[in-house]
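Coordinate inspection notes
Here's the letter readout for the chains.
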Amino acid sequence: AQSVTQLGSHVSVSEGALVLLRCNYSSSVPPYLFWYVQYPNQGLQLLLKYTSAATLVKGINGFEAEFKKSETSFHLTKPSAHMSDAAEYFCAVSFSSNTGKLIFGQGTTLQVKP
Amino acid sequence: NAGVTQTPKFQVLKTGQSMTLQCAQDMNHNSMYWYRQDPGMGLRLIYYSASEGTTDKGEVPNGYNVSRLNKREFSLRLESAAPSQTSVYFCASSDQGTEKLFFGSGTQLSVL
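All figures in this text were calculated on a predicted structure; none of them were measured in a lab.

It is worth spelling out the side chain of Q6 of chain A at this point. Residue and element names in this part refer to chain A. Residue position: Q6 is located in strand β1 (residues 3–7). A residue is classified by how much of its surface remains accessible, and Q6, at 6% relative accessible area, is buried. Engagement of the side chain of Q6 in a polar contact is seen with the backbone oxygen of Y89, the distance being 3.0 Å. Side chain to side chain, Q6 and T108 meet in a polar contact 3.2 Å long.

Listed below in structure tokens is the structure:
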């Protein structure tokens, strides 16, 4: 069965430090990959998505993610964390295009310390 | 722009009670979804509707029913609530031909 694994349920960084949130997927077929962010008491918002056009994907708020087929990974990074980045981040996959039927990872809570 | 609106925001039920979660979107999207969010498990798809008049099961449909009332509205019904259905429920919609989901702010449901 297809699955998504996010390594680390909680990540803590200092303001200005590099953010790295890890995501691995299991599939024999390259999927469509997404990162969503959830701020407290809100629904999820799309940060970025990979759909095979380019392996390095840039999203909103300075985030980017790199698709590495050999490692079945799609890690999310941001060079310099801001306090407003504190939220829960979800990696998700879809194995068919044109559908919002996603398989989500468990989520990673990002804490940003001043 | 309201986007995706869910009601109620909070609900407490006793085991065996029934209720309907309401969802409406004003973006003229064809597809609508119901997900549940549980700690440590991410979001799981309960039901979806690819277009008006169609519904289909997702990953965890047991204990739920849905109705796509019209293009705007997609409701989720719990016929006989169980404690295992305590969760946060999210409705989402997407435009035809895209994977980008727009989420509502969620309904926090507790079943005692």
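Okay, back to it.
Here we take up the state of the cysteines. Per the counting criterion, the structure on display carries two disulfides over all chains. In this model C23 of chain A forms its disulfide with C91 of chain A; the gap between the sulfur atoms is 1.9 Å. Sign of the S-S torsion, about -65° for the bond between C23 of chain A and C91 of chain A, identifies this disulfide as left-handed. Highlighted residues: C23 of chain A in strand β3 (residues 19–26) and C91 of chain A in strand β9 (residues 87–94), separated in sequence by 68 residues. For C23 of chain A, a relative accessible area of 0% translates into the label buried. For C23 of chain B, the disulfide goes to C91 of chain B, at an S-S distance of 1.9 Å. The sign of the S-S torsion, about -75°, decides the handedness of the disulfide formed by C23 of chain B and C91 of chain B: left-handed.

Parameters and conventions
Residues numbered from 1 in each chain as written. Chains lettered and ligands numbered in written order. Predicted model: local features only at pLDDT ≥ 70, side-chain atom pairs only at ≥ 80, totals over all residues. Heavy atoms only, no water. Helix = DSSP H or I, 4+ residues; strand = E, 2+ residues; numbered from the N terminus. Buried < 20%, exposed > 50% of the residue type's maximum accessible area, 1.4 Å probe, protein only. Polar contact = N/O pair within 3.5 Å; in protein donor to acceptor, adjacent residues only side chain to side chain. Disulfide = S-S within 2.5 Å.

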